[in-house]
Amino acid sequence: MKKLILASALSLCSFGALAEVAVIVNPSNANALDAETIKKIYLGKAKSFDNGNKVNPATQNGTAIADEFNSKVVGKSSSQLNAYWSKLVFTGKGTPPEKFDSDQAVIDFVAANGDSIGYIDSSKATDKVKVIATF
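Residues numbered from 1 in each chain as written. Predicted model: local features only at pLDDT ≥ 70, side-chain atom pairs only at ≥ 80, totals over all residues. Heavy atoms only, no water.

## Regarding the pattern of salt bridges
Next, step 1: Evaluated as defined, the whole model comprises three salt bridges.
Next, step 2: Its salt-bridge partner being E68, residue K72 comes within 3.2 Å of it at the nearest N-O pair. With K72 and E68 both in helix 3 (residues 64-74) and four residues apart, the pair spans about one turn of that helix.
Next, step 3: A relative accessible area of 13% means that E68 is categorised as buried.
Next, step 4: In this structure, the salt-bridge partner of D108 is K128, at a minimum N-O distance of 2.8 Å. Of this pair, D108 sits in helix 5 (residues 103-112) while K128 is found in the loop between strand 4 (116-121) and strand 5 (130-134), placing the two residues 20 residues apart along the sequence.
Next, step 5: We classify D108 as partly exposed; its relative accessible area is 36%. (Salt bridge = Lys/Arg side-chain N within 4 Å of Asp/Glu carboxyl O. Helix = DSSP H or I, 4+ residues; strand = E, 2+ residues; numbered from the N terminus. Buried < 20%, exposed > 50% of the residue type's maximum accessible area, 1.4 Å probe, protein only.)

Dropping the structure here:
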(Lines give C-alpha, C1' and ligand atoms only; values in the text may rest on other atoms or scores of the structure.)
Protein backbone atom coordinates (compact mmCIF):
# COMPACT_ATOMS: atom_id res chain seq x y z
CA MET A 1 0.00 0.00 0.00
CA LYS A 2 2.86 2.39 0.86
CA LYS A 3 4.47 1.71 -2.53
CA LEU A 4 1.22 2.51 -4.32
CA ILE A 5 0.84 5.80 -2.47
CA LEU A 6 4.47 6.72 -3.15
CA ALA A 7 4.14 5.85 -6.84
CA SER A 8 0.97 7.94 -7.10
CA ALA A 9 2.63 10.88 -5.38
CA LEU A 10 5.66 10.68 -7.68
CA SER A 11 3.50 10.59 -10.81
CA LEU A 12 1.55 13.62 -9.60
CA CYS A 13 4.78 15.48 -9.00
CA SER A 14 5.99 14.76 -12.51
CA PHE A 15 2.81 16.30 -13.95
CA GLY A 16 3.51 19.42 -11.93
CA ALA A 17 6.84 19.95 -13.66
CA LEU A 18 6.62 22.82 -16.09
CA ALA A 19 7.70 22.32 -19.67
CA GLU A 20 9.84 24.79 -21.55
CA VAL A 21 7.91 26.46 -24.34
CA ALA A 22 9.60 27.00 -27.70
CA VAL A 23 8.27 29.64 -30.09
CA ILE A 24 8.78 28.45 -33.65
CA VAL A 25 8.66 29.87 -37.17
CA ASN A 26 9.24 28.48 -40.62
CA PRO A 27 12.99 28.04 -41.32
CA SER A 28 12.75 30.55 -44.20
CA ASN A 29 11.59 33.29 -41.81
CA ALA A 30 14.51 35.63 -41.02
CA ASN A 31 12.58 37.95 -38.66
CA ALA A 32 13.77 38.39 -35.08
CA LEU A 33 11.01 38.64 -32.48
CA ASP A 34 11.26 39.61 -28.84
CA ALA A 35 8.86 38.48 -26.10
CA GLU A 36 6.78 41.66 -26.31
CA THR A 37 6.26 41.29 -30.06
CA ILE A 38 5.29 37.63 -29.64
CA LYS A 39 2.77 38.66 -26.98
CA LYS A 40 1.32 41.33 -29.31
CA ILE A 41 0.96 38.76 -32.11
CA TYR A 42 -1.02 36.42 -29.86
CA LEU A 43 -3.22 39.28 -28.64
CA GLY A 44 -3.91 40.39 -32.22
CA LYS A 45 -2.13 43.71 -31.68
CA ALA A 46 0.65 42.93 -34.18
CA LYS A 47 -0.46 41.56 -37.52
CA SER A 48 2.79 41.43 -39.49
CA PHE A 49 6.46 40.62 -39.14
CA ASP A 50 9.13 43.36 -39.24
CA ASN A 51 9.58 42.78 -42.98
CA GLY A 52 5.90 43.60 -43.58
CA ASN A 53 4.72 40.04 -44.25
CA LYS A 54 1.41 39.15 -42.61
CA VAL A 55 1.84 36.87 -39.60
CA ASN A 56 -0.25 33.72 -39.33
CA PRO A 57 -0.19 32.56 -35.68
CA ALA A 58 -0.98 29.02 -34.57
CA THR A 59 -2.05 28.18 -31.05
CA GLN A 60 -2.86 24.98 -29.20
CA ASN A 61 -6.30 24.03 -27.97
CA GLY A 62 -6.48 22.97 -24.33
CA THR A 63 -2.99 21.54 -23.95
CA ALA A 64 -0.65 21.94 -20.99
CA ILE A 65 1.86 23.71 -23.25
CA ALA A 66 -0.86 26.21 -24.24
CA ASP A 67 -1.45 26.96 -20.56
CA GLU A 68 2.31 27.48 -20.08
CA PHE A 69 2.61 29.75 -23.12
CA ASN A 70 -0.43 31.81 -22.18
CA SER A 71 0.84 32.29 -18.65
CA LYS A 72 4.54 32.90 -19.43
CA VAL A 73 4.26 34.90 -22.66
CA VAL A 74 0.79 36.39 -22.97
CA GLY A 75 0.31 36.95 -19.24
CA LYS A 76 -3.21 35.51 -19.16
CA SER A 77 -4.74 32.20 -18.19
CA SER A 78 -6.20 30.15 -21.02
CA SER A 79 -9.75 31.02 -19.90
CA GLN A 80 -8.88 34.74 -19.78
CA LEU A 81 -7.39 34.56 -23.28
CA ASN A 82 -10.45 32.73 -24.63
CA ALA A 83 -12.70 35.42 -23.12
CA TYR A 84 -10.47 38.14 -24.60
CA TRP A 85 -10.73 36.62 -28.09
CA SER A 86 -14.47 36.00 -27.75
CA LYS A 87 -14.98 39.69 -27.10
CA LEU A 88 -12.83 40.72 -30.09
CA VAL A 89 -14.61 38.29 -32.39
CA PHE A 90 -18.07 39.37 -31.15
CA THR A 91 -17.27 43.03 -31.75
CA GLY A 92 -15.70 42.31 -35.15
CA LYS A 93 -12.29 43.58 -34.04
CA GLY A 94 -10.21 40.46 -34.45
CA THR A 95 -9.70 36.91 -35.61
CA PRO A 96 -8.07 34.51 -33.15
CA PRO A 97 -5.06 32.39 -34.03
CA GLU A 98 -5.78 29.06 -35.68
CA LYS A 99 -6.05 26.29 -33.06
CA PHE A 100 -4.35 22.90 -33.21
CA ASP A 101 -4.56 19.92 -30.88
CA SER A 102 -0.89 18.93 -30.59
CA ASP A 103 2.72 20.01 -30.88
CA GLN A 104 3.08 17.92 -34.05
CA ALA A 105 0.08 19.62 -35.70
CA VAL A 106 1.64 23.04 -34.97
CA ILE A 107 5.02 21.88 -36.31
CA ASP A 108 3.40 20.64 -39.52
CA PHE A 109 1.45 23.91 -39.96
CA VAL A 110 4.48 26.15 -39.34
CA ALA A 111 6.71 24.02 -41.57
CA ALA A 112 4.20 24.35 -44.42
CA ASN A 113 3.54 28.11 -44.05
CA GLY A 114 6.36 30.64 -44.37
CA ASP A 115 4.32 33.37 -42.65
CA SER A 116 3.40 31.34 -39.57
CA ILE A 117 4.45 31.33 -35.93
CA GLY A 118 3.56 28.81 -33.27
CA TYR A 119 4.65 27.35 -29.97
CA ILE A 120 5.42 23.82 -28.83
CA ASP A 121 7.05 21.92 -26.01
CA SER A 122 10.74 22.64 -26.62
CA SER A 123 11.60 18.93 -26.39
CA LYS A 124 9.47 18.32 -29.52
CA ALA A 125 11.30 20.79 -31.80
CA THR A 126 12.54 19.34 -35.09
CA ASP A 127 14.59 20.62 -38.00
CA LYS A 128 11.31 21.26 -39.90
CA VAL A 129 10.96 24.52 -37.89
CA LYS A 130 13.20 27.21 -36.40
CA VAL A 131 13.09 27.98 -32.66
CA ILE A 132 13.27 31.74 -32.15
CA ALA A 133 12.60 31.94 -28.40
CA THR A 134 12.15 29.75 -25.34
CA PHE A 135 10.25 30.52 -22.16
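## Structural notes on the packing of aromatic side chains
Next, step 1: Evaluated as defined, the whole model comprises five aromatic pairs.
Next, step 2: Both rings, one in Y84 and one in W85, keep their centres 5.7 Å apart while their planes meet at 85 degrees; by these two values the pair is edge-to-face.
Next, step 3: Here the aromatic residues Y42, F69 and Y119 are joined through ring pairs into a cluster of three or more. (Phe/Tyr/Trp six-rings, centres within 6.5 Å; stacked < 30°, edge-to-face > 60°.)

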